[in-house]
Amino acid sequence: MARNPVTWLGSPTFPKAAKAALNDTQLRQNLRKATGTIRERRAAAVTEMTDWEQLRVAGEQIKDDVLARLDTLLVELEESVTARGGVVHWARDAEEANRIVLDLCRQENASEVVKVKSMATAEIGLNEALEAGGVQAIETDLAELIVQLGDDRPSHILVPAIHRNRSEIREIFQRRMGVELSDEPADLAEAARVYLREKFLTTKVAISGANFAVADTGSIVVLESEGNGRMCLTLPETLITVMGIEKLVPTWQDLEVFLQLLPRSSTAERMNPYTSVWTGVTPGDGPQSFHLVLIDNGRTATLHDSVGRQALRCIRCSACLNVCPVYERTGGQSYGSVYPGPIGAILTPQLVGDMHDPQAASLPYASSLCGACFEVCPVRIDIPSVLTHLRAEAVEAKGRTAESVAMAAAAWVFAEASRYEKAQKAGSLARFFAKDGRITSLPWPGSKWTSSRDVPAPPAESFRSWWRKNRCQK
Amino acid sequence: MINTAAREEILARIRHANVPAAEPVVRGYLQQGPGGVELFAERVADYRAVVHVVSNVPEALTSLQGKRIVAPAGVPAEWLVDGVTWLREPLSIEELDQADGVLTGCAVAIADTGTIVLDGGEAQGRRALTLLPDYHVCVVRADQIAASVPEALQRLEPTRPLTFISGPSATSDIELNRVEGVHGPRTLEVLIVG
């Protein structure tokens, strides 16, 4: 089987990548500023809602229902889209999905396509596959455009260029668009408007993702801010939408929950500027040819894991990234995947589906398990529980390692009180490494711990021996 | 050609996962809200849209910015005030792109979120009409304002092409702060007939 492009080929494991990122002070400053801003704004947007918890619970339940009835709902969606003039395609993996989209572009003789920001197409590496097939994909979302023009990689689910500040964006735009610009955000937005206008008006094929698909009506929903989505969804003759099979909701009514949860969780707005809903083809309005590509790419394998499958409830809001202390310091690119942050740490390894892949297996450790991600998740994904569950899987996949041998030795020591006491006595000797009550450097294997944190010096006497001396009834 | 082998395999994998049935959905969230013209006006203005509560539409339209304004089918004759060149369908993409603005009605509005919803019906036209001109004037009748998102969705027909509009085009892509004005209309003016 081909490798899943959800992780970038050749990415180092998370600890290695994070170490490099932590030395980038500009990156840390940009992220601190951006995540700090959005955290405050999100909190305000959510506090305003007296029924936020009830909405979260409903969101969780609707998505769990989707996962439980996924086969029937997908067939229902296929029927309703087909009945309204759309064509539904199924793809088992990234390679199959990319081939379907490339074939559709060739059918339309398109050498250029405009794209609405989409995680699904980023996950399958569609742009690269199209390019290899002679079709140029033009990203039209402002942040995606910044990444594309900067020959960069994304670092956030919602704002892929979050690691860039305004003066860096100005530099990229000036270099690639050949214009003089200030670093005022309004000026930068205007530059993108001018740069893309002609493309929107002339390109015949557009590619989008989907935030939601309504099974019973066949309606597809895309939320956006800039209007680039509306351009792509309205002006071209052919529209190809690529979506993960879990992006369903059963009924139109269910959208009332997600249209309240998603904007407040992602951009901290009561509602995002534009939401487009279309059902198949509407004569005289919008693209007259519509294709929906449903992709699995590791989702059905994830569905098999009773603990891990809740990651498939994710609606890609990125609230968990914005509150994560690890993400804020390491940035998104350290995760080596289009899905960074807490959700990426549980989704990416499951989509890869191979805990023997050292990079994927390192991701569940990219967390301090503080739980902030669970608290803000609009569909109540218990990310910390899935992280520890996946850590156990990673350990199991590793087999016999220094760590597992040490753990086995510890188990043997703990099993017998006398062994434990002897070990404690020996352990208390470690206090000779201490300075001011802390040990900052131990010889190997203890150095593995002390390279990134201190250990408190062990006391000269253990509690057990103190108790025996002072309290024990002889 | 549709790949039926892929379809069958994906469906079989899903069935094989054997996910247990879920708890019934509890809709304990609010179905209604305070609603009303005042709240709607306030929430629309929060997006830095221009809002007027008016009693007479033609009178309010005399201060339209721009000379060449698109008017979709179904716009009431009295809205087509003098002093403006009204552009009527059929219009090409180029003609729309060069228009100064567009005047529409709406299908539904949402007080809670300050949103207007277009469904391509009466006085709204196809989606491109409200997208290419840089200035969008939307007339909202008080009885079209739903209090909440749930109420608004109930009033809408999902199979029509729908556009939910909350303020002018904007982006949060530069340092995660909202900036108005990217590809969609950069000026949104909402006239509420109260």
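Up top is the structure these notes are about.
All figures in this text were calculated on a predicted structure; none of them were measured in a lab.

> Even after reading the chapter, I still don't get the overall build of chain B, so can you show me in this structure?
Secondary structure assignment for chain B yields five helices and twelve strands. Taking 194 residues into account, the globule formula puts the C-alpha radius of gyration at 16 Å, and chain B, at 21 Å, lies well above it. Considering only C-alpha atoms, chain B reaches an extent of 70 × 45 × 40 Å along its principal axes. A separation of at least 24 residues holds for 70% of the contacts in chain B among residues at least 6 apart in sequence. Seen as two clouds, the 16 positive and the 25 negative side-chain charges of chain B have centres 6 Å apart.

> What exactly am I supposed to notice about the overall build of chain A here?
Helix and strand counts for chain A stand at 23 helices and twelve strands. Radius of gyration (C-alpha) of chain A: 26 Å, near the 23 Å computed for a compact globule of 474 residues. By principal-axis analysis of the C-alpha atoms, chain A measures approximately 95 × 55 × 50 Å. For chain A, the residues scored as buried account for 58% of the 474 residues in total. Within chain A, residue pairs in contact and separated by at least 24 positions form 74% of the contacts whose partners lie at least 6 positions apart. Looking at chain A as shown, the accessible area adds up to about 19,500 Å², and 54% of this sits on carbon and sulfur atoms. The distance from the centre of the 54 positive side-chain charges to the centre of the 58 negative ones in chain A is 11 Å.

> Before we go on, may I ask you to explain the sheet that holds strand β6 (residues 219–224) of chain A in this structure?
Across a sheet, paired strands are connected by hydrogen bonds in the backbone, their directions being either parallel or antiparallel. The eight strands are arranged β8(A)-β5(A)-β6(A)-β9(A)-β9(B)-β6(B)-β5(B)-β8(B) in an open sheet whose pairing can be described as mixed. Each edge of the open sheet is held by one strand with a lone partner, namely β8 (248–249) of chain A together with β8 (145–146) of chain B. Inspection of the sheet shows strand β6 (residues 115–118) of chain B paired to strand β9 (residues 162–165) of chain B by three bridges, in the antiparallel sense. Counterpart to Ile-116 of chain B in the pairing with β9 of chain B is Ile-165 of chain B.

> I'm lost on helix α16 (residues 341–352) of chain A in this one. Help?
Note: α-helices contain 3.6 residues per turn, so residues at a spacing of three or four share the same orientation. Residue and element names in this part refer to chain A. Here α16 spans 16 Å end to end across twelve residues, near enough to the 16 Å set by a 1.5 Å rise per residue. The buried fraction of α16 amounts to twelve of the twelve residues, a majority that puts the element mostly inside the structure. Of all the residues in α16, the buried ones are Gly-341, Pro-342, Ile-343, Gly-344, Ala-345, Ile-346, Leu-347, Thr-348, Pro-349, Gln-350, Leu-351 and Val-352. Looking at the residues trailing α16, positive phi occurs at Gly-353, about 70°.

> What exactly am I supposed to notice about helix α2 (residues 37–46) of chain B here?
Among all positions in α2 of chain B, only Leu-39, Phe-40, Ala-41, Arg-43 and Val-44 of chain B are buried. Those residues of α2 of chain B hidden inside the fold are in contact with β1 (50–54), β5 (108–110), β6, β7 (135–141), β8 and β12 (187–193) of chain B.

> Even after reading the chapter, I still don't get the sheet that holds strand β3 (residues 136–139) of chain A, so can you show me in this structure?
Residue and element names in this part refer to chain A. Sheet architecture is open: six strands sit in the order β1-β10-β7-β4-β2-β3, paired in parallel fashion. Each edge of the sheet is formed by a strand with only one pairing partner; in this case those strands are β1 (86–91) and β3. Averaged over all neighbouring strand pairs, the angle between strand axes comes to 25°, with direction disregarded. Its contacts with the sheet place helix α4 (residues 70–83) against β1, β7 (238–244) and β10 (289–295), and it is angled at close to 150° to β1.

> Explain the interface of chain B and chain A here, please?
By a frequent convention, interface size equals the accessible area lost on bringing the separate parts together. Chain B puts 72 residues into the contact, and the matching count from chain A is 95 residues. When the area that chain B buries against chain A is broken down by residue, the three leading residues are Glu-175, Leu-176 and His-183 of chain B, summing to 12%. Summed over the shared surface of chain B and chain A, the number is 13 salt bridges. One can count 40 residue pairs in polar contact (both at pLDDT 80 or more) joining chain B with chain A. Taken together, the elements giving at least two residues each to the side of chain B that touches chain A come down to α1 (4–17), α2, α4 (93–98), α5 (149–155), β9 and β10 (170–171) of chain B. If one sorts the elements of the side of chain B that touches chain A by residue count, α1 of chain B sits on top with eleven residues. Looking at the side of chain B that touches chain A residue by residue, the class counts come to 37 nonpolar, 18 polar and 17 charged.

> Please explain the pattern of salt bridges as it appears in this structure.
For side chains of opposite charge, pairing can occur when their charged atoms come near one another. All told, the structure shown has 48 salt bridges over all chains when counted by the stated rule. Here Lys-33 of chain A ties to Glu-175 of chain B by a salt bridge, and the two come within 3.0 Å at their closest N and O atoms. With Lys-33 of chain A in helix α2 (residues 25–47) and Glu-175 of chain B in the loop between β10 and β11 (179–180), this residue pair bridges two chains. A relative accessible area of 47% means that Lys-33 of chain A is categorised as partly exposed. Residue class for Glu-175 of chain B comes out buried when judged on its relative accessible area of 13%. For the salt bridge of Lys-117 of chain A with Glu-144 of chain A, the shortest nitrogen-to-oxygen distance reads 3.8 Å. Highlighted residues: Lys-117 of chain A in the loop between β2 (112–115) and α6 (119–123) and Glu-144 of chain A in helix α8 (residues 142–149), separated in sequence by 27 residues.

> Explanation requested: the packing of aromatic side chains in the structure shown.
Residue and element names in this part refer to chain A. Enumeration according to the criterion identifies seven aromatic pairs over all chains in this entry. When the centroid spacing of 5.9 Å and the interplanar angle of 85° are considered together, the rings of Trp-278 and Phe-290 count as edge-to-face. Linking Trp-278 in strand β9 (residues 274–279) with Phe-290 in strand β10, this pair joins segments that are twelve residues apart in sequence. Note on Phe-290: relative accessible area 3%, which makes it buried. With a centroid separation of 5.9 Å and 40° between ring planes, the pair formed by Phe-463 and Trp-467 is classed as tilted. Of the two residues, Phe-463 and Trp-467 are both situated in helix α23 (residues 463–470); the distance of four residues between them amounts to about one turn of the helix. Assessed through its relative accessible area of 58%, Phe-463 is described here as exposed. Three or more aromatic residues joined by ring pairs make a cluster, and in this case those are Phe-14, Tyr-327 and Tyr-335.

> Before we go on, may I ask you to explain the nonpolar core in this structure?
In globular proteins that are soluble, nonpolar side chains generally tend to be buried together. Residues and elements named next belong to chain A. If you look at the biggest cluster of nonpolar residues, it comprises 154 residues, and the most contacted ones within it are Phe-173 and Leu-248. In terms of residue count, the dominant contributor to this core is helix α3 (residues 52–68) (seven residues). Setting aside anything within four residues of it in sequence, one finds Phe-173 in contact with Leu-142, Leu-145, Ile-146, Leu-149, Gly-178, Val-179, Leu-181, Leu-188, Ala-191 and Ala-192. With 22 residues, the next largest nonpolar core counts Ala-91, Val-205, Ile-207 and Val-293 among its residues.

The rules we used
Residues numbered from 1 in each chain as written. Chains lettered and ligands numbered in written order. Predicted model: local features only at pLDDT ≥ 70, side-chain atom pairs only at ≥ 80, totals over all residues. Heavy atoms only, no water. Helix = DSSP H or I, 4+ residues; strand = E, 2+ residues; numbered from the N terminus. Rg over C-alpha atoms; globule rule 2.2 N^0.38 Å. Contact = heavy atoms within 4.5 Å. Lys, Arg positive; Asp, Glu negative; His and termini not counted. Charge placed at Lys NZ, Arg CZ, Asp CG, Glu CD. Buried < 20%, exposed > 50% of the residue type's maximum accessible area, 1.4 Å probe, protein only. Areas by Shrake-Rupley, 256 points an atom, 1.4 Å probe, with all protein chains shown as cover. Pairing = 2+ DSSP bridges. Expected span 1.5 Å × (residues − 1). Axes fitted to C-alpha atoms, helices over the stretch in contact; angles between N-to-C directions. Buried area = accessible area lost by both parts, 1.4 Å probe. Salt bridge = Lys/Arg side-chain N within 4 Å of Asp/Glu carboxyl O. Polar contact = N/O pair within 3.5 Å; in protein donor to acceptor, adjacent residues only side chain to side chain. Nonpolar A, V, L, I, M, F, W, Y, C, P; charged D, E, K, R; others polar. Phe/Tyr/Trp six-rings, centres within 6.5 Å; stacked < 30°, edge-to-face > 60°. Core = buried A, V, L, I, M, F, W, Y, C linked by side-chain atoms within 4.5 Å.

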